2 protein chains.
Amino acid sequence: MHRLQSFLYPQSIAVIGASRKDGSLGKMFLTAIQRMNYKGDILPVNPKAESIDGLNVYPSIDKLPQKPDLAVILLPQKFVLNTVEELGQSDIRNIIVISAGFKELGQEGIEREKQLIALKERFNLNILGPNCMGIFNTHKDVLLNGTFSPTLPQPGHIAYISQSGALGVAILELAQQTDLGFSAFVSTGNKADISDTEVIEFLKDDNNTHVITLYLESVDYPPHFMNICRETAKIKPVLALKAGRTKSGLKAASSHTGALANPEYIMDGFFKQSGVIRKNNLQEMFEAARALAKQPLPKDNRTVVITNAGGPGILASDMIEDEGLQLAELTPQIQKKLTEILPEEASVKNPIDMIAGADHKTYEQVAELVLNEEYVDSVILIIVKPPVQTTPKEIVDAISPLAQNCGKTIIATLMAAKDNNSGLKQFIDAGIPVFDYPESAVKALSTMWQYQNIQQRMRKSDAIVVTPHSDYPQTNELKQNNTQAPVRELLEMLRAYSLEIPAYRIDNSLDGLLDFMQKHKRPFALKIANQEIVHKSDLGLLQLNINTPEQMTSAFNAIKDIAKRDILGNNEPQFLVQEQLSPSVELVIGGKRDPQFGPIVMAGIGGVFVEILKDVTFRLAPVNVSEAGMMLQELKAQAMLNGARGNPVVDRRKLSFAISQFSLLMAEHPEIIEMDLNPLIWSAENQVPVAVDVRATVTTK
Amino acid sequence: MHRLQSFLYPQSIAVIGASRKDGSLGKMFLTAIQRMNYKGDILPVNPKAESIDGLNVYPSIDKLPQKPDLAVILLPQKFVLNTVEELGQSDIRNIIVISAGFKELGQEGIEREKQLIALKERFNLNILGPNCMGIFNTHKDVLLNGTFSPTLPQPGHIAYISQSGALGVAILELAQQTDLGFSAFVSTGNKADISDTEVIEFLKDDNNTHVITLYLESVDYPPHFMNICRETAKIKPVLALKAGRTKSGLKAASSHTGALANPEYIMDGFFKQSGVIRKNNLQEMFEAARALAKQPLPKDNRTVVITNAGGPGILASDMIEDEGLQLAELTPQIQKKLTEILPEEASVKNPIDMIAGADHKTYEQVAELVLNEEYVDSVILIIVKPPVQTTPKEIVDAISPLAQNCGKTIIATLMAAKDNNSGLKQFIDAGIPVFDYPESAVKALSTMWQYQNIQQRMRKSDAIVVTPHSDYPQTNELKQNNTQAPVRELLEMLRAYSLEIPAYRIDNSLDGLLDFMQKHKRPFALKIANQEIVHKSDLGLLQLNINTPEQMTSAFNAIKDIAKRDILGNNEPQFLVQEQLSPSVELVIGGKRDPQFGPIVMAGIGGVFVEILKDVTFRLAPVNVSEAGMMLQELKAQAMLNGARGNPVVDRRKLSFAISQFSLLMAEHPEIIEMDLNPLIWSAENQVPVAVDVRATVTTK
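Not measured: the values here are computed from a predicted model. (Residues numbered from 1 in each chain as written. Chains lettered and ligands numbered in written order. Predicted model: local features only at pLDDT ≥ 70, side-chain atom pairs only at ≥ 80, totals over all residues. Heavy atoms only, no water.)

Engineer: Teacher, can you tell me more about the sheet that holds strand 9 (residues 144–146) of chain A here?
Structural biologist: Residue and element names in this part refer to chain A. If you walk across this open sheet you meet the 7 strands as 9-8-11-10-12-13-14, and the pairing is mixed. Lying at the two open borders of the sheet, with one neighbouring strand each, are strand 9 and strand 14 (277–279). For this sheet the average axis-to-axis angle between neighbouring strands, irrespective of direction, equals 20°. Along the sheet, helix 9 (residues 264–273) contacts strand 12 (211–216), strand 13 (238–242) and strand 14; its crossing angle with strand 14, the most-contacted strand, is approximately 135°. (Pairing = 2+ DSSP bridges. Helix = DSSP H or I, 4+ residues; strand = E, 2+ residues; numbered from the N terminus. Axes fitted to C-alpha atoms, helices over the stretch in contact; angles between N-to-C directions. Contact = heavy atoms within 4.5 Å.)

This is how it looks when you write it as structure tokens:
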């Protein structure tokens, strides 16, 4: 049994710090839990009261009449640790610590949180919080409101996991205005023990939850989060709002829940890789969740707009194109039928503008025609308050039977005051999500389509996971260095991972270099190979376009002089001679090791795109060829791969393979701190990306 | 008197097509006009009724007891033209044509609209519409609801001009949920006569209007629109939503109001140049308008977030940074004072997180401290429904007196169900705009800051307008061509506009070229100069890096051979020799003539930025140096101007001057259809942008 079971489906709850004092947390919590008619047993604990609101109160934990599934601590911070210890001693192991005063306070609080974690380990406890707002579950067999919230959640199928407790209350409040209905809410607070990831893992198999939404200030165990989310996304959508994206936000977050700062540069790639849909504002996240919770996923991206007003239809059309959806092209047959139903001034193309005279029968007839078309995947239904003969309510009533079993996605926009005739209730009953603005409706639909794609991809994910060979032999020489890695080792390592490198030789004698020249194809590049020298070209330690033995000799002498004079002193210079490729499309692959995220792989197109526009994309390593292909699709300058400006077309499969192999190398070599292939050259001649230069920082730690 | 005066402030209205039949347009219109208690005289015209709803009805136009200020035509389309003619004959010159069935219908309708325009000219009429929804004005001396809308507009100071009538009704309906209050609404419909621009021009001086919002499907006279908007933006903000941004939207728009398709590539630059704030969705436009209508503009971009919950404060902080605002840094003094007021767990940095216990007194004390700080320009006030001791209503009551006269911008976020304790009414009374989500509040504030900057800029605009010398002498030779312009003329034209070009000579003899060589600085570029040849380098008709007479001879012969063999036949090749600049930062300036927008100037950074990323920016020509400077600021790759990648720093003032001069050239030479300076080279050596290559298409028409 998952350890969250007892938190979300408890048979009994001890409320430690229950109170009869109005306005106290203990009283509010008890009131909230009673108001929702919790189906289990409530066991208040308070040494000074015998009964509160008709409930028996127990003076202490050891006096409880039964062992509760769950204990909630509402006490002031100074009593928390002792209480947790008592619970541990009574073998009450599932605890929610509402109390604040821990990690979020700074040093003193961090110490206190460490002690809490020590208790957890000593008694093998499961702790939610501290510094959290609790939990609710609207399942009819549970009906638990353990959140103080005076406003009861509307039941529904959206779960909300929030690092900010207040944002739970806030969303519950705003939910009253719409059809936002919740299955469960979990406030994770400081996440001393139970993480968002574990809650997601539990909710993945919770039948009452169809959509998972997250408010995060930090992702704590990124690779684990990723794996769980990828599994979850096969079954239900996960939407996340990650706060603290900016420096200002990050500063604010660190004093809130003491959240660890996640490196923002990786976050977009990380969420994509995790199958999580990232949103940057609350409204969009919950609007998308409402649509996902109510309607079937669209099979494809072809949509029809049915409207009684032109303007909103045009705004919807603009947004449809923006969001990568498309207006389905209506057949001449259906256009003809529409002409018969609609007045002359109407438009029978998509968007179908029925004009202001359309009543509920018109809506019904048109919707029926459209929903029967096989090539229509979804409908955006727009209702501007009709001037005549009908009300939005009548329209919904007419449409609703059609909507029930058509298997297509229907999203509505209702531009009317939300009075008794607005039909809002009918929309909710019919399971049709409704929005104020056409743009919001289209965005919600587009998120559904986005999730449809993610789900397909994740369901194929067994085939696309790359497992590192953890026993891959590591070279000894690398292990002994903690700065720059020796070039020869790096080049051979690339070769071992099937990454292409140019023909090369490392030598300290001119004779060796000249010998290499005779056996290989000119021109050549000559550079210093001593690993302690990093910025070769800046120092004049790289010479290109060497075609003749004379040029080689002169390059050799020039580099040797500079190196000995300026850098190496008595150390012997080592030379790397390589066949020089004719420059064509320059690519960059890089890797680094992040303290939180582990090995990371980066890809970009060389030169100005990386340097000026930061047009790069990141993933946790390793990635398979398919994920690497998605990285390439994210590059703004990807036209450069398609043969732009007279360049050869880059074979994306081969480039993706190189990225995947490199990511595997990063994953399997924990001694590599940073590594760059820059440039990696694609030329018409070679038809494979070749790593022309490689450098790496390694550690022995 | 502006001709819109009689439309928005009429003393009397004739309603032609008034009816007593329930559900008819004529009845609805009369009901709407009466319900708002119109202050003027209502004069219904209907041959078949003597009185409707207590109003005297007149059988025909010539039987009216007085000449009305305004006539509204509600008749079926087939009666419209005759009625307009009758009105003209009775010298009733201000007419709203509600009736549809004109340009939006296609060919037949276009003809009918032409006849309408002919009548307008014959009788010197002023016509709003056809195919429009009418007008309203909430001014207390007018109280005119001439829109059918059963929902009465909330009075306020936002004017809304809409090409879509239905979007007027829709917004009125949605406005009921917020503090969106209107001064006036004008539905422009097909804009056969009166354009949005004229309505803006009138509202500019309408004291009851503080903010102008626009829904546009087309801009009909762009330069005129621009001039009026620039004048208006000195006084009040203009916000515009331009629908039909995408291909899908454009298609939908053309069947709606028969709108002319505006070229989207210029629209962003055009709105910026016009001082208009462009929004891409309705919600954002009206949210920004609400803030602008209620609060004073922020003096600078330093804001403080005051919140009772951490999460929303972090989300606000992220958005503040995204939107180019900044969190004001609180002094140690004020932080100390805050520490005294707030509990230990609170955060006294910005965002100020007072935590959940904050009651209305805490809000009041903190707001008072913050609003007294001289370096604070604005406050984002966040209220999550407080768990204890206070209601949002009490908080507003406490804050409101402080907000009244502090001269700072205050925007609120109220994350609470909108019940009786929500304080929504108090917020509205206090003139504090309130939003559901912190992100929306910050976006609205950011639009206010954006407008503050626009206003400053436009108020300086007398100094920044460039007036073309329309009498600038035009070369005859240009006039005689209708394809490629001759190179010599173009180069001399650039020189005449103080644009730098390299030293050059055009000659057909090798001797001439060699002579030029002796007198100028090598290396040289040699190319064919015959204007009929466009793609010189592709054809091998451009040779670079010529240093010696031998190289010149060989280049001359090579080009001559190719040109004579492949292109020129018996025509004599002409050569252009130029001093060749060492390539450095490559820029592009271009111009073209748009049928609607007239001369347009474009700027970008050469190479991949233009070709791959379409990183270019447009304006109507001419632009002054300051506007050209703004164009440069819009380039994504502008780091290239700042000395990135070892390049010299480009002097933006000199580059802006070049853009401005080029734009003047475009404006003053209507014979130029298209012209490119590509590349324009900035080198460390020259310290001025030099037009290395120029080509132009000209016409004699």
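Engineer: Can you walk me through the relation of the copies chain A and chain B in this structure?
Structural biologist: The relation between the two chain copies is a rotation about an axis coupled with a shift along that axis. Once chain A is rotated about the relating axis by 180° and shifted along it by 0.1 Å, it coincides with chain B to within an RMSD of 0.1 Å. The transformation relating the two chain copies, once decomposed into turn and shift, fits a two-fold axis. The share of interface residues of chain A whose copies in chain B are also at the interface is 99%, consistent with both copies meeting through the same surface. (Least-squares fit on C-alpha atoms with pLDDT ≥ 70 in both.)

Engineer: Honestly, the interface of chain A and chain B in this entry has me stumped. Any pointers?
Structural biologist: When the parts of a complex come together, some accessible area is lost, and that lost area is often used as the size of the interface. If you look at the interface, chain A gives 78 residues, while chain B gives 77 residues. Interface area, chain A with chain B, both sides summed: about 6,000 Å², of which 66% is carbon and sulfur. The largest share of the area that chain A buries against chain B comes from Ile314, Tyr437 and Ile612 of chain A, three residues that together contribute 10% of it. Where chain A packs against chain B, one counts 6 salt bridges. Among the salt bridges present, the one from Lys385 of chain B reaches Glu173 of chain A, with a minimum N-O distance of 3.8 Å. Summed over the shared surface of chain A and chain B, the number is 24 residue pairs in polar contact (both at pLDDT 80 or more). When residues of the side of chain A that touches chain B are traced back to their parent elements, those giving at least two are helix 5 (166–175), strand 13, helix 8 (247–254), helix 10 (282–294), helix 11 (310–322), strand 19 (409–415), helix 16 (438–459) and helix 21 (608–611) of chain A. If you tally residues by element for the side of chain A that touches chain B, the top one is helix 11 of chain A, at 10 residues. A per-class count over the side of chain A that touches chain B returns 39 nonpolar, 20 polar and 19 charged. (Buried area = accessible area lost by both parts, 1.4 Å probe. Salt bridge = Lys/Arg side-chain N within 4 Å of Asp/Glu carboxyl O. Polar contact = N/O pair within 3.5 Å; in protein donor to acceptor, adjacent residues only side chain to side chain. Nonpolar A, V, L, I, M, F, W, Y, C, P; charged D, E, K, R; others polar.)

Engineer: Explain the sheet that holds strand 24 (residues 575–579) of chain A here, please?
Structural biologist: Note: strands within a sheet are paired through backbone hydrogen bonds, in either parallel or antiparallel orientation. Residues and elements named next belong to chain A. Across the sheet, which stays open at both edges, the 4 strands sit in the order 21-24-22-23 with antiparallel pairing between neighbours. A strand with exactly one partner marks an edge of an open sheet, and here the two such strands are strand 21 (504–507) and strand 23 (542–546). Ignoring which end each strand starts from, the neighbouring axes of this sheet average 15° apart. Strand direction decides the pairing type here: strand 21 and strand 24, joined by 4 bridges, are antiparallel. Residue Tyr504 lies in a different strand from strand 24, and its bridge partner there is Gln578. Docked against the sheet, helix 18 (residues 487–496) engages strand 21 and strand 24, running at close to 155° with respect to strand 21. Its contacts with the sheet put helix 19 (residues 510–519) on strand 21, strand 22 (524–528), strand 23 and strand 24, and the angle it makes with strand 21 is roughly 170°.

Engineer: Looking at this model, I keep getting lost on unusual backbone geometry. Mind explaining?
Structural biologist: Trans peptide bonds make up the majority, and among non-glycine residues the majority have a negative phi. Residue and element names in this part refer to chain B. Each neighbour pair has its own omega, and for Asn350 with Pro351 the value is 5°, a cis peptide bond. Locating Pro351 in the fold gives a position in the loop between helix 12 (332–341) and strand 17 (352–353). The backbone of Ser498 sits at a positive phi, close to 60°, despite the residue not being glycine. With respect to the helices and strands, Ser498 occurs in the loop between helix 19 (487–496) and strand 21 (504–507). The phi dihedral of Asn545 is positive, around 60°, even though this residue is not glycine. Looking at the element boundaries, Asn545 is found in strand 23 (residues 542–546).

Engineer: Can you walk me through the pairing of strand 5 (residues 70–73) of chain A in this structure?
Structural biologist: Looking down a regular strand, the side chains alternate between one sheet face and the other. Residues and elements named next belong to chain A. Residue alternation in strand 5 divides its side chains into two sets, Leu70 and Val72 and Ala71 and Ile73, and both sets are buried. As defined by bridge partners, strand 1 (residues 12–16) adjoins strand 5 across 4 bridges and the pair is classed as parallel. Bridge assignment links Ile16 to a residue of strand 5, and that residue is Ile73. Examined bridge by bridge, strand 5 and strand 6 (residues 94–97) share 3 bridges and lie parallel to one another. The residue of strand 6 that forms the bridge with Val72 is Ile96. In this fold, the crossover linking strand 5 to strand 6 by way of helix 3 (residues 77–89) has right-handed handedness. (Buried < 20%, exposed > 50% of the residue type's maximum accessible area, 1.4 Å probe, protein only. Right-handed = clockwise from strand over helix to strand, strands pointing away.)

Engineer: Which parts of the structure should I look at to understand the nonpolar core?
Structural biologist: Across soluble globular proteins, nonpolar side chains have a tendency to be buried as a group. Residues Ile96, Tyr160, Phe182, Phe225, Phe270, Phe271 and Leu282 of chain B are the most contacted members of the largest nonpolar core, which totals 116 residues. Not counting residues within four places of it along the chain, the set of residues in contact with Phe271 of chain B comprises Leu216, Val219, Phe225, Ala240, Lys242, Val276 and Arg278 of chain B. (Core = buried A, V, L, I, M, F, W, Y, C linked by side-chain atoms within 4.5 Å.)

Engineer: Before we go on, may I ask you to explain the packing of helix 3 of chain A against helix 4 (residues 107–123) of chain A in this structure?
Structural biologist: Helix-helix packing is characterised by the crossing angle of the two axes and by the distance between the axes. Residues and elements named next belong to chain A. Direction vectors running N to C along helix 3 and helix 4 enclose 5°, while the axes themselves pass 9 Å from each other. With respect to helix 4, the element helix 3 is oriented roughly parallel. Contacts from Gln77, Leu81, Val84, Glu85, Gly88 and Gln89 of helix 3 reach helix 4 at Arg112, Gln115, Leu116, Leu119, Arg122 and Phe123. When its residues are assigned to classes, the contact of helix 3 with helix 4 shows 5 nonpolar, 4 polar and 3 charged. (Parallel < 35°, antiparallel > 145°, perpendicular 65-115°, else oblique.)

Engineer: Would you mind showing me how to read the environment of Ala555 of chain B here?
Structural biologist: Relative to the helices and strands, Ala555 of chain B is located in helix 21 (residues 549–568). Separated by 28 residues in sequence, Ala555 of chain B and Lys527 of chain B place their C-alpha atoms 9.0 Å apart.

Engineer: Help me understand the confidence of the model for chain A in this model?
Structural biologist: Interpretation of the predicted coordinates at a detailed level should be avoided for regions scoring low in pLDDT. Mean pLDDT for chain A: 91, with 95% of residues reaching 70 or above. Contacts of residues 471–478 of chain A to residues separated by more than four positions or lying in other chains number 19 contacts, the stretch itself having pLDDT below 50. (pLDDT = per-residue confidence, 0-100.)

Engineer: Help me understand helix 3 of chain A in this model?
Structural biologist: In an α-helix, one turn spans 3.6 residues, which is why side chains three or four residues apart end up on the same side. Residue and element names in this part refer to chain A. Within helix 3, burial applies to Val80, Leu81, Thr83, Val84, Leu87 and Gly88. For helix 3, the secondary structure elements touched by its buried residues are strand 1, strand 5, strand 6, helix 4 and strand 7 (126–128). Taken from the residues just after helix 3, Asp91 is the one with a positive phi, measuring 60°.

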